[in-house]
Amino acid sequence: MADSFTFFLIQILNGVQEGLLLFLVASGLTLVFGIMGIINLAHGSFYMLGAYLAFALAAATGNLLVAIMLAIPLALAIGLALEFLLFRHLYRRDHLYQVLLTYGLILVFEESRSLVFGDDVHGVAIPRFLDFSIPLTANLSYPAYRLAMSAVCLLVAGAMWLLIAKTRLGMAIRAGATNREMVQSLGIDIAWVYRAVFALGVALAAFAGMIAAPVASVFPGMGNQILIISFVVVVIGGIGSIKGAFLGSLLIGLADTFGQVLVPQLAGMTVYVLMAAVLVWRPAGLFGSRAA
Amino acid sequence: MNANSNLERMLMIGGLILLAIFPLLAGKFYLQLFAKIMIMAIFAMSLDLLVGFTGLVSFGHAAFYGVGAYALWLASPKYAATSLYLSLPLAMAASAVAALVIGLLVLRSSGVYFIMVTLAFAQMFFYYVTGAKWLGGSDGVYIYVKPDAALFGWTPFSLENAASFYYLVLLALAATYLVLRLLAGSLFGHALRGIRGNEPRMRALGFATFGYKLAAFVVAGSLAGLAGYLDAAQYGFVTPDFFGWRLSGVVLMMVILGGMGTLYGPVLGAFALVLLQDSLSDATRHWLLPMGIFIILAVLLLPQGIGGLLRRREAEDG
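Counting starts from 1 at the beginning of each chain's written sequence and moves along it residue by residue. To read the labels, note that chains go from A and ligands from 1, taken in the order they are written. Local features in a predicted model are, by the rule used here, given only for residues with pLDDT of at least 70; side-chain atom pairs are given and counted only at 80 or more, and totals for whole chains, interfaces and linings are based on all residues.

A. Region of the structure containing the interface of chain B and chain A. Any two residues are considered in contact once their C-beta atoms, placed from the backbone, lie within 7 Å. In this assembly, 35 residues from chain B lie in contact with 38 residues from chain A. Of all the elements in the fold, those that place two or more residues in the side of chain B that touches chain A are helix H5 (111–131), helix H10 (245–258) and helix H12 (288–301) of chain B. Helix and strand assignments come from DSSP, with helices taken as H or I runs of at least 4 residues and strands as E runs of at least 2, each series counted from the N terminus. Element by element, the count of residues in the side of chain B that touches chain A is highest for H5 of chain B, at 14 residues. Amino acids are sorted into nonpolar (Ala, Val, Leu, Ile, Met, Phe, Trp, Tyr, Cys and Pro), charged (Asp, Glu, Lys and Arg) and polar (every other residue, Gly among them). Here the residues of the side of chain B that touches chain A are counted per class, giving 26 nonpolar, eight polar and one charged.

What follows is the structure, encoded as structure tokens:
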């Protein structure tokens, strides 16, 4: 009895952890769409980029934490560069062209990955001080690294909320989403606000890839997998809504985890069924205010 | 507008003649390659009905291509041929039904939601088939014998012959073009363009826009099924990748780069992209890298597609 309850608890922990990780990716996607009106198919590639950066730098330095510290500024720099080179040309163009260009970008990222790292699956070691399990009952335990992941994701989510709700930059971001011209005429350089938001989104997705690398391993196609699930999250939560992305991510994380335990023959389908249900019930998403 | 349709007619007739005499000049390899291009052209035209005419940017059109392909496999006995006249309509009907069910759900959303939702539903097919043992799972399935064209004991042609197969695909291409051209010129087609321009206004005029969009989605889906069926018949090998987002992306690319809203644009796009892909993949295993760079540059430098180049030339001449 105690065991089955603990098993249930473990599934909840797994679902929440998956959901929180997903939130890091989906929040960037929804922010970039909500504020700049850009649909970015290459967002999943940033997750992949983070994972491969963590893999390469951890191999070079021998320490995942050092690797992450090095990789975050790199991801930010790549985000800034991409915004400057490509994405700023897309702000006023139709979604169609955004889809096209970012699709081309996925191909570039995937093939560059294949050229540099090959097509094998790689593993990344869990940092030694987190490489243990917390015993829950006589038979069941939970890995400390997964708990630490959840905690870090919650910290990041909290920091994001502070940034957007309480700081001047956050104010400019929220205002820029509503009325670009007004923000500009008040003397705020909206181009830099956009650039900052985009780089932040890239860094968040890359960071998610870095901390996921030890548990999910590093493999080709990992970016597209998470991109599509992030789309589902955004559709469920409502485009542009951080709150929606947060709850949507948790919902998807739990649905996916429990789907795999309860109906394994349809594993992977549960999240889409959930999306279909939300579409029928609330086509604009749970927290979507405007019809896109 | 008039000059445009004249140019289009010339392009289509000239193209048709060239394609019709092509088998007299080319070997088997090029026949198969060009049949593949025409199959992609059918697929791209079907998507153009949604993207170009109705303004519905579907990023999941491969779902119906895949349904058509798997329908042929399901209709084929293991080591014998299925009837062409039975399995082809069956495959198109299966894709139409799939498009009806998916359309009822995805058409509740619009704009950027629509892009994401169509992609997600196509992925749902992909994941389902990848895990489904009865559909061959991730390994895919083989169709050992091509469909049989026998009619009441008389066999007008055999699809095992590359030239016959080529002409069947050419016929399908011409038929698809004609059907879509007729649809585009009808009241239905005008209503679709009205929806693309301003859907609330169309509703105010008394058009049940949802029904129009759903009808367009189903027609596009069944024509995509036709393309998938022909692909499966030509190569005899079907994998879950038929449903994949990569194929959806490639076909969307053909429509946009070729010039959407015109039917010849997607055909041009199919020729350009498949030939580019073919020559690049001969040159390097990593051909997707130059392909990606090409797409990015095309978006930045050619805002109206290849077809747009033609139109611009015309505008300058006239």
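B. Spatial organisation of the packing of helix H5 (residues 144–166) of chain A against helix H8 (residues 190–216) of chain A. Residue and element names in this part refer to chain A. To obtain each axis, a line is fitted to C-alpha atoms, and for helices this fit is confined to the stretch in contact; angles are then taken between N-to-C directions over 0 to 180 degrees. Between H5 and H8, the shortest axis-to-axis distance is 11 Å and the interhelical angle comes to 160°. Our classification of the angle between H5 and H8 gives roughly antiparallel. The element H5 and its partner H8 pack so that their crossing is left-handed. Here Tyr145, Arg146, Met149 and Val152 of H5 come into contact with H8, specifically with Ile211, Pro214 and Val215. A breakdown of the residues in the contact of H5 with H8 according to their chemical character gives six nonpolar, no polar and one charged. Here the angle decides the label: under 35 degrees means roughly parallel, over 145 means roughly antiparallel, 65 to 115 means roughly perpendicular, and every other value means oblique. Throughout, a crossing is termed right-handed when the near helix is turned clockwise from the far one, and left-handed when it is turned anticlockwise from it by less than a right angle.

C. How the structure looks around the nonpolar core. Defined on buried residues, the nonpolar core groups Ala, Val, Leu, Ile, Met, Phe, Trp, Tyr and Cys residues joined through C-beta atoms within 7 Å. Buried residues are those with 20 or more other C-beta atoms within 10 Å of their own C-beta, exposed residues have 12 or fewer, and partly exposed residues lie in between; C-beta atoms are placed from the backbone. Core analysis: the largest hydrophobic core is formed by 202 residues, its most contacted members being Ala54, Ala206 and Val232 of chain A together with Ala120 of chain B. In terms of residues, this core owes the most to one element, H8 of chain A, which gives 18 residues.

D. Broad picture of unusual backbone geometry. Residue and element names in this part refer to chain A. One non-glycine residue with positive phi stands out, namely Ser217, at about 60°. Topologically, Ser217 is positioned in the loop between H8 and helix H9 (222–237). Residue classification places Ser217 among the partly exposed residues on the basis of 14 C-beta atoms within 10 Å.

E. Looking closely at the packing of helix H10 (residues 242–262) of chain A against helix H11 (residues 270–281) of chain A. All names here are of chain A. As a packed pair, H10 and H11 sit with axes 8 Å apart at the nearest point and diverge in direction by 135°. Of the possible angle classes, the one that applies to H10 and H11 is oblique. Judged by residue contacts, Leu251, Ile252, Ala255, Asp256 and Gly259 of H10 engage Thr270, Val271 and Leu274 from H11. Here the residues of the contact of H10 with H11 sort into five nonpolar, two polar and one charged.

F. Spotlight on the environment of Pro266 of chain B. Tracing the backbone through its elements, the reader meets Pro266 of chain B in helix H11 (residues 264–283). Separated by 17 residues in the primary sequence, Pro266 of chain B and Ala283 of chain B have C-alpha atoms spaced 25 Å apart.

Everything listed here is a matter of coordinates, which is why it stays silent on function.
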